[in-house]
Every structure is written in structure tokens, then in C-alpha cells.
Amino acid sequence: MTQDVALRPPALLVEGVSHAFGLTRALDGVSLQVMAGQFVALLGINGAGKSTLINVATRLYDSGAGRVAIAGHDLRRAPSAALARLGVVFQSRALDADLTVAQNLHYHAALHGIGRAEARGRIAEVLALVDLQDKARARVATLSGGQVRRAEIARALIHRPEVMILDEPTTGLDVRSRAEVLALTQRLTRTGAVGVLWATHLLAEVTEADAIIVLHQGRVLWSGPPQDLAREGDLTAAFLSLTGAQAAA
Ligand SMILES: Nc1ncnc2c1ncn2[C@@H]1O[C@H](COP(=O)(O)OP(=O)(O)OP(=O)(O)O)[C@@H](O)[C@H]1O
């Protein structure tokens, strides 16, 4: 690390962001931040506003109200600089199933302007990070659901982003693959190079987070470390009492 983490701007800064679909207020003055090296869980039930927030933070939507900055670069004023430092794993699939893992990664490296020789080194690097070194030549269609997710995380890391946003990345995975994807993503933050915002409705995925942000009906209801949310030891009860909602454990 060339710069002390404490001196760096937040990897992701969201300030007063609001967004509406017609009369539906999907986000209402949402503020949060993710520092380099942090694993932050964005916890909310279906419809809480998680995907809308991610779509604003990745500039798919321009909310107009509020501000997003990535590693100090304002998303509206300097979108190229901001997006160059952001890696995203969307809910929908981002890899071509007919191509090999390496072919997919070469394609995405090229999209980021990374030359072929440099890309070869980067691909080896990111596949090692997600523990898929032996799958570089496998067609994506032949991978398990968990391996596909890991390959998508590798894709999101190819340009060495300073923040990664993952939208419910364990959807559709079995218990073991869920745990693997969660553990490897948490491991990524430990180098201090990248901060992670992990959107989920699953309480089981937030217990090891550095911070939890509870989003409900478009607002941040609570934020802090997991142990503060569940002082008495029961995270589910604490979450239900905050939101009055039904949650999956
Ligand atoms: N394209 C859209 N058009 C109209 N309303 C939308 C649209 N996208 C989201 N909404 C509404 O905005 C609110 C927030 O939805 P959003 O998808 O952001 O929540 P979420 O927390 O990501 O939920 P899920 O876990 O189901 O993905 C909901 O009331 C939803 O119905």
C-alpha cells in the first residue's frame, strides 16, 4: 500500500441519494460509506431499495438528488475516473456461457483498455484470488453455479478496482458455495486494497461484516458493527424489531 488507508478518501461514498419510480420513492436520502479494506453488508428485505442504490452507484440510473464518489472521484462530474475504480457483480449473469473463463476475462480486460500481454498476468492473478486457477480453459457452461459466481468476481476484479459492489451474489447457490463465495470476498478486503459493499437479505451473511447498513423502504434505518445490532445475541430479533419485516435467516 502506497498510502495510509486512513488518509485515502472512502472507496465508496454515497451522500443523500434519493430515487423515485413515478410515485414510488425507492431511495430517500441514503448516505453510506465503504472504506478500503472494509466488508460492508447492505441488509434489506425484497424491495428495500438495494438494487436501486446499486444502479445509482454504478450510474445505470442518474438519481439527480445526492452524490456518489468512488475513491474520491465524483460519479457525475468524473464518471470515467469513478467507474474505472469500481467492480460490480450484478444479480444477472455477466459471462458468455459459450466462451471459456479466460476468453471472458480477456474480453472484459480489453473493455478496460488492458492489453493482451498484461491481461494474461491479470487473469492468472484474479483466478488465483477466487481459487479457479484450474478452470481458465473451461467453458463457463460447464462450471457449477458457485464457480460461475467466482468467475464473475474475477471479472469484476480484472481492472483492480478500489471498491466492489455485489448484488445478492449468493442467490441460487447451495449452502457450501454460498459460504465459499462469502469467505473469498471477505478475504479480498483483508489486503486493504479493495472495499466491498455486499447487498443481501440473508442475516447469515452479515455476521462477519465490518459494518451492517440496514436499508428499509428506501432509508438507512441503522448502521454499525454486527455485535451492536445484536447486543443480546439475536440478530434476527434485532432486525425484525427494526424493520417490522419478515427476514430470511
Ligand atoms: N424499474 C422499476 N420501476 C418501478 N419500480 C421499481 C423499479 N425498480 C424497483 N422498483 C421499486 O423500487 C423499490 C425498491 O426496489 P429494489 O429492487 O431497489 O429493492 P431491492 O432491495 O433490491 O429488492 P430485491 O431484493 O427484491 O432485489 C420497490 O418498491 C420496487 O418495487
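Residues numbered from 1 in each chain as written. Predicted model: local features only at pLDDT ≥ 70, side-chain atom pairs only at ≥ 80, totals over all residues.

As annotated in an unreviewed UniProt entry, the chain carries the name ATP-binding cassette domain-containing protein and is attributed to Paracoccus suum. The chain has a UniProt comment under Sequence similarities (unreviewed entry) that states "Belongs to the ABC transporter superfamily." (UniProt positions renumbered as here; feature names shortened; annotations may be inferred.)

*Asks:* Report on the domain arrangement of the chain, specifying residues and quantitative values.
*Replies:* Entries for the chain in the domain assignment read domain 1 (1–85 + 161–249) and domain 2 (95–160). Once you take the C-alpha centre of each, domain 1 and domain 2 turn out to be 24 Å apart. On the side of domain 2, 13 residues touch domain 1, which itself brings 12 residues to the contact. Its residues assigned to classes, the side of domain 1 that touches domain 2 shows eight nonpolar, three polar and one charged. (Domains from an automatic or database assignment. Contact = placed C-beta atoms within 7 Å. Nonpolar A, V, L, I, M, F, W, Y, C, P; charged D, E, K, R; others polar.)

*Asks:* I'd like a rundown of the site of the ligand, residues and numbers included.
*Replies:* As a matter of local geometry, the ligand sits amid Phe-21, Thr-24, Ala-26, Gly-44, Asn-46, Gly-47, Ala-48, Gly-49, Lys-50, Ser-51, Thr-52 and His-201. Among the secondary structure elements, those contributing two or more residues to the shell around the ligand are strand E2 (24–34) and helix H1 (50–57). Counting residues per element, the shell around the ligand draws most heavily on H1, which supplies three residues. By residue class, the composition of the shell around the ligand is three nonpolar, eight polar and one charged. (Near = placed C-beta within 6 Å. Helix = DSSP H or I, 4+ residues; strand = E, 2+ residues; numbered from the N terminus.)

*Asks:* How would you explain the sheet that holds strand E7 (residues 163–167) if you had to name every residue and give the values?
*Replies:* With mixed pairing, the six strands of this open sheet are ordered in space as E6-E7-E8-E3-E9-E10. Looking at which strands have only one partner, the edges of the open sheet turn out to be strand E6 (86–89) and strand E10 (219–224). Along the sheet, successive strands turn relative to each other by an average axial angle of 15°, direction set aside. Bridge analysis of E7 against strand E8 (residues 195–200) gives five bridges, and the strand direction is parallel. (Pairing = 2+ DSSP bridges. Axes fitted to C-alpha atoms, helices over the stretch in contact; angles between N-to-C directions.)

*Asks:* Account for the pairing of strand E1 (residues 12–21), with residues named and values stated.
*Replies:* With seven bridges connecting them, E1 and E2 associate as antiparallel partners. Of the residues in E2, the one forming a bridge with His-19 is Leu-27. Inspection of the sheet shows E1 paired to strand E4 (residues 65–70) by five bridges, in the antiparallel sense. Residue pairing for E4: Leu-12 is matched across the bridge by Ile-70.

*Asks:* If you had to explain the sheet that holds E1 to someone new, which residues and values would you point to?
*Replies:* Judged by pairing direction, the sheet is antiparallel, and its four strands sit side by side in the order E2-E1-E4-E5 without closing on themselves. Two strands in the sheet have a free side with no partner beyond their single neighbour: E2 and strand E5 (73–74). Sheet contacts for H1: E1, E2 and E4; angle to E1, the most-contacted strand, approximately 115°.

*Asks:* With reference to specific residues and values, describe the pairing of strand E9 (residues 211–216).
*Replies:* With five of six residues buried, E9 is to be regarded as a mostly interior element. Here strand E3 (residues 39–43) runs beside E9; their pairing, made up of four bridges, is parallel. Bridge assignment links Val-40 to a residue of E9, and that residue is Ala-211. By the bridge criterion, five bridges tie E9 to E10 in an arrangement that is antiparallel. Considered in E10, the bridge of Ile-213 is made with Ser-223. In this structure, the hairpin formed by E9 and E10 is closed by a connection of two residues, where Gln-217 is found at a positive phi of approximately 50°. (Buried ≥ 20, exposed ≤ 12 C-beta atoms within 10 Å, placed from the backbone.)

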